[in-house]
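Inside the fold
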Amino acid sequence: MKMKKGINSSIFKMNIKSAILNNFWLKLISLIIAIITWFYVYGEITKGIRI
Amino acid sequence: MFLNIQEFIRLLDWKAIIEILILWFVIYRIFLFLKGTKAVYLLRGIIILVISFFLFQKLGFYVLSWLLTKFFAFFLILIVIIFQPELREGLIRLGKRHFFPITLKKEDVEKSIKEIVTAVVSMSKKRIGALIAIQREIGLKNVAETGVYLNAEISSEILENIFYPSAPLHDGGVVVDGKTVVSAACLFPLSENPNLDKTLGMRHRAAVGLSEHSDACVVVVSEETGTISLAVGGQLTRGLSGEDLVTILKGLLRREG
């Protein structure tokens, strides 16, 4: 039972690891672009409100 | 134009985080969709132009910055023209995706995999070329329409019979949906991926092409070498054994069970 639990948790860890590492650079670049876009649009919107 | 970092961190409430996460997901899906297509090179050019624009603004190169601002005015129209095939394909995919997927019984999926793999291994030994598309969430009706409708229950004998070299339906691909062989002698779209191995024949290019246009798993048997390959999401895995194919197909079709 204990061994099964251990196997399950290691499979879970492997899945998380592969989910993060799979297309890692694409995910990182997308995140950076998403933050920059939000940052820029929010700035533009609040600038419009201030005017 | 931009906020400073401290202000940005102050603004990061739960709504902002959700907005950024949604933006991240959309941008990532777009990148994933464009990966491996010719549009990647155009996208690189656009990214260089955007970076140049911000650099010109920061450095105070007003003339160049003005020119790029004017260029961006036509940018939206340009994007629609340049990315027309990708946009069309993306919208088709979005429309075709089942939000509540039709679930297949686990036994049906396993039977289907068993029959396909048995036929594929047998044809590989006899050096008989084969092209089998297994439908997943995105429907392949438009592809099935280009062939001859069979709507027969899947069996390794039927598949081998279809691809037998002198059989009338051996040219083209077969579309399989669940435990049904929907159609044979179908025309699959050819891949235009410039990074594909130049030695690949039309059958392999058709397999990759269909996997680029849909989420189907496409199994190919090479007529020349008897090699078994699998195309999924525009990626071709070559030199598979029967056991490999069973494991991969079970993994790919598992969520439908």
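The structure under discussion appears in the preceding block.
Just so we're clear, the structure is a prediction, and the values are computed from it rather than from any experiment. (Residues numbered from 1 in each chain as written. Chains lettered and ligands numbered in written order. Predicted model: local features only at pLDDT ≥ 70, side-chain atom pairs only at ≥ 80, totals over all residues. Heavy atoms only, no water.)

Residue and element names in this part refer to chain B. Reading across the sheet, the 7 strands line up as S2-S4-S3-S1-S5-S6-S7 and stay open at both edges, with mixed pairing between neighbours. Across the chains shown, the open sheet's two edge strands, defined by having one partner strand only, are strand S2 (148–153) and strand S7 (235–240). Neighbouring strand axes in the sheet, compared pairwise and without regard to direction, differ in orientation by 20° on average. Pairing geometry for strand S5 (residues 217–221) and strand S6 (residues 228–232), over 4 bridges, is antiparallel. The residue of S6 that forms the bridge with Val219 is Leu230. (Pairing = 2+ DSSP bridges. Helix = DSSP H or I, 4+ residues; strand = E, 2+ residues; numbered from the N terminus. Axes fitted to C-alpha atoms, helices over the stretch in contact; angles between N-to-C directions.)

Residue and element names in this part refer to chain B. Running from N to C, helix H7 (residues 106–125) and helix H11 (residues 242–253) cross one another at 150°; their axes reach a closest spacing of 10 Å. Comparing the axis directions of H7 and H11 gives the class roughly antiparallel. Both H7 and H11 take part in a crossing whose hand is right-handed. Contacts from Val109, Glu110, Ile113, Val117, Val120 and Val121 of H7 reach H11 at Gly242, Leu245, Val246, Leu249, Lys250 and Leu253. A breakdown of the residues in the contact of H7 with H11 according to their chemical character gives 9 nonpolar, 1 polar and 2 charged. (Parallel < 35°, antiparallel > 145°, perpendicular 65-115°, else oblique. Left-handed = near helix turned anticlockwise from the far one by under 90°. Contact = heavy atoms within 4.5 Å. Nonpolar A, V, L, I, M, F, W, Y, C, P; charged D, E, K, R; others polar.)

Under the definition given, this model contains 5 aromatic pairs over all chains. Between the aromatic rings of Phe56(B) and Phe61(B), the centroid separation amounts to 6.0 Å while the plane-to-plane angle is 40°, which identifies the pairing as tilted. An aromatic cluster is built from Tyr40(A), Phe53(B) and Phe54(B), whose rings are joined through pairwise contacts. (Phe/Tyr/Trp six-rings, centres within 6.5 Å; stacked < 30°, edge-to-face > 60°.)

Residues and elements named next belong to chain B. Phi angles above zero are rare outside glycine, and Asn151 is one such case at about 45°. Structurally, Asn151 can be placed in strand S2. Despite not being glycine, Ala185 has its phi angle at roughly 60°, a positive value. Following the sequence through the fold, Ala185 ends up in strand S4 (residues 180–186).

Attention now moves to the environment of Leu64(B). Mapped onto the elements, Leu64(B) comes out in helix H4 (residues 62–73). Put simply, Leu64(B) and Ser52(B) are 12 residues apart on the chain and 9.2 Å apart in space, counted from C-alpha to C-alpha.

Attention now goes to the packing of H7(B) against helix H9 (residues 156–163) of chain B. Residue and element names in this part refer to chain B. Relative to each other, H7 and H9 sit at 40°, their axes nearing to 8 Å. Considering their axes alone, H7 and H9 lie oblique with respect to each other. Crossing hand, H7 versus H9: right-handed. Of the residues in H9, those touching H7 at Glu115, Ile116, Thr118, Ala119, Ser122 and Met123 are Ser156, Leu159, Glu160 and Phe163. Split into classes, the residues belonging to the contact of H7 with H9 amount to 5 nonpolar, 3 polar and 2 charged.

Residues and elements named next belong to chain B. If you walk through the whole model with that rule in mind, you get 4 salt bridges over all chains. With a shortest N-O distance of 3.6 Å, Lys111 and Glu153 are connected by a salt bridge. Of this pair, Lys111 sits in helix H7 while Glu153 is found in strand S2, placing the two residues 42 residues apart along the sequence. Taking the relative accessible area as the measure of exposure, Glu153 reaches 48% and is therefore partly exposed. Across the pair Glu223 and Arg203 runs a salt bridge, and its minimum N-O distance is 3.6 Å. With a gap of 20 residues between them, Glu223 in the loop between S5 and S6 and Arg203 in helix H10 (residues 202–213) connect regions that are remote in the sequence. (Salt bridge = Lys/Arg side-chain N within 4 Å of Asp/Glu carboxyl O. Buried < 20%, exposed > 50% of the residue type's maximum accessible area, 1.4 Å probe, protein only.)

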